[in-house]
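So you can see what is in the structure, the chains are spelled out below.
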Amino acid sequence: TDSTDSSANQELLDASKVELNQKQQLLLQLAQTIAKLEQQMQSIVDQGNQINKRKDAVTTMDDECPLCEQHIDQNHKHTILDKYTKEREALLVTYQEHKQTHDQAIIQRNTTEQVINELTKAIQAQQNSLQAFEVKKTQQDSLKQQLEALQQQQQAQSTDRKSTR
């Protein structure tokens, strides 16, 4: 039964190590996903800032286009501002979607980190248990050898006594 316990403990340890490896791979994937989302979100913010600058430029410009010097009436300015407003609103929707996905990935990362910490502790405990088992088994084997040697010695002495009689 000792060897059965040892192999069962070793199997549990091996399974825990496999699970730990899988969780560490997931953690790496989540870190990459989070970094990518953060880049995309920053890009969206930058685009939104550019749109705001263009809106401000349209709002403050005279009735003449600074590029082509054609007359621009209030109706045309309003059309351009509406276009920029719609672009910015679309960016905002995309940003919110990315932010939601980002926040979910952060939660999953934190949960995965907790699982990794628990698995690491469990693996350490399993390794300590296996080492303690091996030490006890070695001690037991040593005691068995000593007992066998004593039994042989006792048998030899008993044989010697019979032959001297």
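Residues numbered from 1 in each chain as written. Predicted model: local features only at pLDDT ≥ 70, side-chain atom pairs only at ≥ 80, totals over all residues. Heavy atoms only, no water.

Bringing the overall build of the protein into the picture now. The secondary structure content of the protein amounts to 2 helices and 0 strands. In terms of C-alpha radius of gyration, the protein reaches 38 Å, well past the compact-globule figure of 15 Å for 165 residues. A principal-axis box enclosing the C-alpha atoms of the protein has dimensions of 140 × 20 × 15 Å. When each of the 165 residues of the protein is scored for burial, the buried share is 18%. (Helix = DSSP H or I, 4+ residues; strand = E, 2+ residues; numbered from the N terminus. Rg over C-alpha atoms; globule rule 2.2 N^0.38 Å. Buried < 20%, exposed > 50% of the residue type's maximum accessible area, 1.4 Å probe, protein only.)

Moving on: the side chain of Lys77. Of note, Lys77 is situated in helix 2 (residues 74-164). A distance of 2.6 Å separates a polar side-chain atom of Lys77 from the backbone oxygen of Met61. Each residue touching Lys77, except ones within four places of it in the same chain, is listed here: Val58, Thr59, Met61, Asp62, Asp63 and Ile72. (Polar contact = N/O pair within 3.5 Å; in protein donor to acceptor, adjacent residues only side chain to side chain. Contact = heavy atoms within 4.5 Å.)

With that settled, the discussion passes to the nonpolar core. Judged by nonpolar contacts, Ile44, Ile51, Val58, Met61, Cys65, Ile72, Ile80, Tyr84 and Leu91 together constitute the single largest core of 9 residues. Listed by contribution, the elements that provide at least two residues to this core are helix 1 (2-60) and helix 2. With 6 residues, the next largest nonpolar core counts Leu13, Ile116, Ile123 and Leu130 among its residues. (Core = buried A, V, L, I, M, F, W, Y, C linked by side-chain atoms within 4.5 Å.)

A separate point is the pattern of salt bridges. According to the stated counting rule, one finds 4 salt bridges in the structure shown. For Asp63, the salt bridge is made with Lys77, and the minimal N-O distance between the two is 3.9 Å. Residue Asp63 is located in the loop between helix 1 and helix 2, and its partner Lys77 is located in helix 2; the two are separated by 14 residues in the primary sequence. Between Lys83 and Glu87 there is a salt bridge, with its nearest N and O atoms 3.7 Å apart. Here Lys83 and its partner Glu87 are both found in helix 2, 4 residues apart, which amounts to about one turn of the helix. Taking the relative accessible area as the measure of exposure, Lys83 reaches 45% and is therefore partly exposed. (Salt bridge = Lys/Arg side-chain N within 4 Å of Asp/Glu carboxyl O.)

Let us look at the environment of Thr120. Within the secondary structure, Thr120 sits in helix 2. A sequence separation of 27 residues divides Thr120 from Leu147, and the C-alpha atoms of the two residues are 40 Å apart.

Moving on, we come to the environment of Val45. Mapped onto the fold, Val45 is located in helix 1. With relative accessibility at 33%, the residue Val45 sits in the partly exposed group. In sequence terms Val45 and Leu91 are 46 residues apart; their C-alpha atoms lie 8.3 Å from each other.

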